[in-house]
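# Close look at the chain arrangement
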Amino acid sequence: MVTDQQGTPVGRRVFLGLLGLGAVGVVTGAAVQGWLERAVGPIVGRDPTGLGALLPVGRFRFYTVTGDFPDRSRADYRLRVDGLVERPLDLSFADLTAMRRAEVTRDFQCVTGWRVTDVRWAGVRLRDLLAEAGPLADADAVRFVSFDGAYTESLTLHQARRDDVLVAYELEGEALSSDHGGPARLYVAPMYGYKSLKWLERIELTRDVEPGFWEQRGYDVDAWVGRSNGRSDEAT
Amino acid sequence: MAVAPAATTLRPSDPPILRFDVVERVVHWATATLFVTLMLTGAALYAGPVSTLVGHRDVVRAIHVAAGLALPVPLIIGLIGRWGAALRHDLRRINRWIPDDRLWMRRRTRGAARLGKFNPGQKLNATFLGASIVLMVATGSIMNWFDAFPLSWRTGATFVHDWVALGVWLAVGGHVLFALRDPDALGSMLRGAISARWARTRRPRWYEDRTGMPAERLKTSR
């Protein structure tokens, strides 16, 4: 009699097949994900049922380098602008929102492959903040510090003065949550997401560009989307 | 499997049959608890509305990572020792597909299939969830300790983790639905034994293996 402990080892084949698929997915997932974001992302964004939002496409992922998501209320928030400037600033959240408001609606592209299309950001142009502080003649770069205690970023002064670089405090019309880097973060529209430092605490004018957290770990300092980090994403 | 000597003296319709021994039940419920913990904390990490509702992202993340690392432990402990004989036998049953499983897969021939202890759906479910443990622990580890791996692997690991998670929700959801529709089967995962009638009608090949009695008594008496 055939017992059910004999027969074809289909289970083992399926099991090993799944592990093989998983390994292929880890190695090629970056490319597949990029393709999915472009092909499916826009459809999911417009999906009226909202069920598409459950799919792992066209959505933000939340990263922190400290393993902890720093939380600071708008009331406790301070932003300093100092270094090579004529007038160092120490701003409260209210000071920030009292400045001229700017909006930018652009894609958010992560260097790890995912992309969120048409994200609506609001805040203050970094250019306006810098003008308020008045960079000294020998200032040629801007360094950013996060209150997570670990993350830093930097831009050339020229890059920092672009129209599409914000100190953002609203996302899609709502207060920027802690997950997204609130109360205020940097948004550098034309560059990969790692430039858009979260939990912004300090803006320091410096003589030279100092590589940021990820740049010390191999990412490109000039992080133009599609023209850096060996990637060929469409520009945002 | 050896037929218990006492089996021939039993009246096949009466005494319940042990379906899952205590080791298998403990492994099942420990793994189930970890799976549910991971699915809920995973949802809180992944889905925006749930994230904002739950908050405490650092705590949720710590629970998710700890439960993830613990996920394979009950199964490994259950399998390695002398106590794991029943679990190892069932694993072999899940691995091996008999011709009747193929009959069962087609609706037209399903009635003719004389199944062993598990039906093909249960086999596929167990195989997928077993593979998902390996895949999720591996990709989760790459995501958590990304410094040690190439950059593109982190994206790839996230990609695999996301889609397997979707599969796990479907597989566990389906498993729970089927269990609720079959109280006898669900009860046997709590108490161990199942009625002889259930075994004889639903899993005749397993019934014969366990009792040494023919499952289709009515047919032979005719």
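Residues numbered from 1 in each chain as written. Chains lettered and ligands numbered in written order. Predicted model: local features only at pLDDT ≥ 70, side-chain atom pairs only at ≥ 80, totals over all residues.

### Description of the domain arrangement of chain A
The following threshold applies: Domain start and end points were adopted from an automatic or database domain assignment.
Assigned domains of chain A: these are domain 1 (12-56) and domain 2 (60-217). Each of domain 1 of chain A and domain 2 of chain A has a C-alpha centre, and these two points are 31 Å apart.

### Some words on the pairing of strand 4 (residues 115-125) of chain A
Regular strands have side chains that alternate between both faces of the sheet. Residue and element names in this part refer to chain A. Selection criterion: The pairing criterion for strands is at least two bridges between them, as found by DSSP. Going along the chain from the N terminus, every DSSP run of H or I of four or more residues is numbered as a helix, and every run of E of two or more is numbered as a strand.
Judged from the seven bridges that link them, strand 3 (residues 102-109) and strand 4 form a sheet pairing that is antiparallel. By the bridge assignment for strand 4, Val 104 is matched with Trp 121. The loop that links strand 3 with its antiparallel partner strand 4 comprises five residues; one of these, Gly 113, has a positive phi angle of about 120 degrees. Pairing of strand 4 with strand 7 (residues 165-171) involves five bridges; the strand directions are antiparallel. The partner of Trp 121 across the bridge, within strand 7, is Leu 171.

### Here's the deal with the sheet that holds strand 1 (residues 78-83) of chain A
All names here are of chain A. Threshold: Axis angles are defined between N-to-C directions and span 0 to 180 degrees, where every axis is a line fitted to C-alpha atoms and, for a helix, only to the segment in contact.
Read across the sheet, five strands follow the order 2-1-10-5-6 without closing on themselves; strand pairing throughout is mixed. Both edges of this open sheet fall to strand 2 (89-92) and strand 6 (152-156), since each of them pairs with a single strand only. On average, each strand axis in the sheet is tilted by 15 degrees relative to the strand beside it, whichever way the strands run. Two strands pair when backbone bridges link them, and strand 1 and strand 2 are joined in this way by four bridges, in the antiparallel orientation. Directly across from Val 81, in strand 2, lies its bridge partner Leu 89.

### Some words on helix 1 (residues 22-46) of chain B
Heads up, the condition is: By this rule the span expected of a helix is its residue count minus one, scaled by 1.5 Å. Counts of 20 or more other C-beta atoms within 10 Å of a residue's own C-beta define buried residues, counts of 12 or fewer define exposed ones, and intermediate counts define partly exposed ones; C-beta atoms are placed from the backbone.
Spanning 25 residues, helix 1 of chain B covers 35 Å between terminal C-alpha atoms, matching the ideal 36 Å at 1.5 Å per step. Regarding helix 1 of chain B, the residues found buried are Glu 24, Val 27, Thr 31, Leu 34, Phe 35, Leu 38, Thr 41, Gly 42 and Ala 44 of chain B.

### Some points on the nonpolar core
Let me state the cut-off plainly: Structurally, a nonpolar core is described as a collection of buried Ala, Val, Leu, Ile, Met, Phe, Trp, Tyr and Cys residues joined by way of C-beta atoms within 7 Å. By the criterion used throughout, residues are in contact when their C-beta atoms, derived from the backbone, lie within 7 Å.
Grouped together as the largest cluster of nonpolar side chains are 45 residues, with contacts concentrated most on Leu 129, Leu 166, Val 167, Ala 168, Ala 184 and Leu 200 of chain A. Secondary-structure elements contributing two or more residues to this core are strand 1, strand 4, helix 4 (126-133), strand 5 (141-146), strand 7, strand 9 (185-188) and strand 10 (200-206) of chain A. If you tally residues by element for this core, the top one is strand 7 of chain A, at six residues. Those residues in contact with Leu 129 of chain A that lie beyond four places of it in its chain are Val 81, Val 124, Val 167 and Ile 203 of chain A. Counting 13 residues, the second largest nonpolar core, distinct from the first, contains Ala 131, Met 143, Trp 163 and Val 164 of chain B.

### Some thoughts on the domain arrangement of chain B
Residue and element names in this part refer to chain B. Put simply, the test is: For this scheme, ten residues count as nonpolar: Ala, Val, Leu, Ile, Met, Phe, Trp, Tyr, Cys and Pro. Four count as charged, namely Asp, Glu, Lys and Arg, and the remainder, Gly too, count as polar.
In terms of domain boundaries, chain B breaks down into domain 1 (1-16 + 195-222) and domain 2 (18-193). The interface is formed by seven residues belonging to domain 1 together with six residues belonging to domain 2. By residue number, the principal contributor to the side of domain 1 that touches domain 2 is helix 11 (residues 204-211), which donates three residues. Of the residues that constitute the side of domain 1 that touches domain 2, the class distribution is four nonpolar, one polar and two charged.

### Brief notes about the packing of helix 7 (residues 120-144) of chain B against helix 8 (residues 151-181) of chain B
Residue and element names in this part refer to chain B. The criterion, for reference: Just so you know how the angles are binned, under 35 degrees is roughly parallel, over 145 roughly antiparallel, 65 to 115 roughly perpendicular, and the rest oblique. Throughout, a crossing is termed right-handed when the near helix is turned clockwise from the far one, and left-handed when it is turned anticlockwise from it by less than a right angle.
One way to put it is that helix 7 packs onto helix 8 with a least axis distance of 9 Å and a crossing angle of 150 degrees. One element, helix 7, and the other, helix 8, form an angle in the roughly antiparallel class. In the crossing of helix 7 with helix 8, the sense of the turn from one axis to the other is left-handed. Facing Asn 125, Phe 128, Leu 129, Ser 132, Leu 135, Met 136, Thr 139, Gly 140, Ile 142 and Met 143 of helix 7, the residues of helix 8 in contact are Trp 153, Arg 154, Ala 157, Thr 158, Val 160, His 161, Val 164, Gly 167, Val 168, Ala 171 and His 175.

### Quick look at unusual backbone geometry
For residues that are not glycine, phi is negative in most cases, and the peptide bond is trans in most cases. All names here are of chain A. Note the cis peptide between Gly 182 and Pro 183, where omega equals 5 degrees. Turning to its location among the elements, Pro 183 is positioned in the loop between strand 8 (174-175) and strand 9. Even without glycine at this site, Asp 118 takes up a positive phi of about 50 degrees. Summarising the element assignment, Asp 118 is placed in strand 4. Since 11 C-beta atoms lie within 10 Å of it, Asp 118 is described here as exposed. Backbone geometry at Trp 199 places phi at a positive 55 degrees, although glycine is not the residue there. For Trp 199, the location among the structural elements is in the loop between strand 9 and strand 10.

### A closer look at the interface of chain B and chain A
Facing 38 residues of chain B, the contacting portion of chain A comprises 33 residues. Breaking the side of chain B that touches chain A down by element, the ones donating at least two residues are helix 2 (48-54), helix 3 (57-70), helix 5 (85-95), helix 7, helix 8 and helix 11 of chain B. It is helix 8 of chain B that contributes the most residues to the side of chain B that touches chain A, 11 residues altogether.

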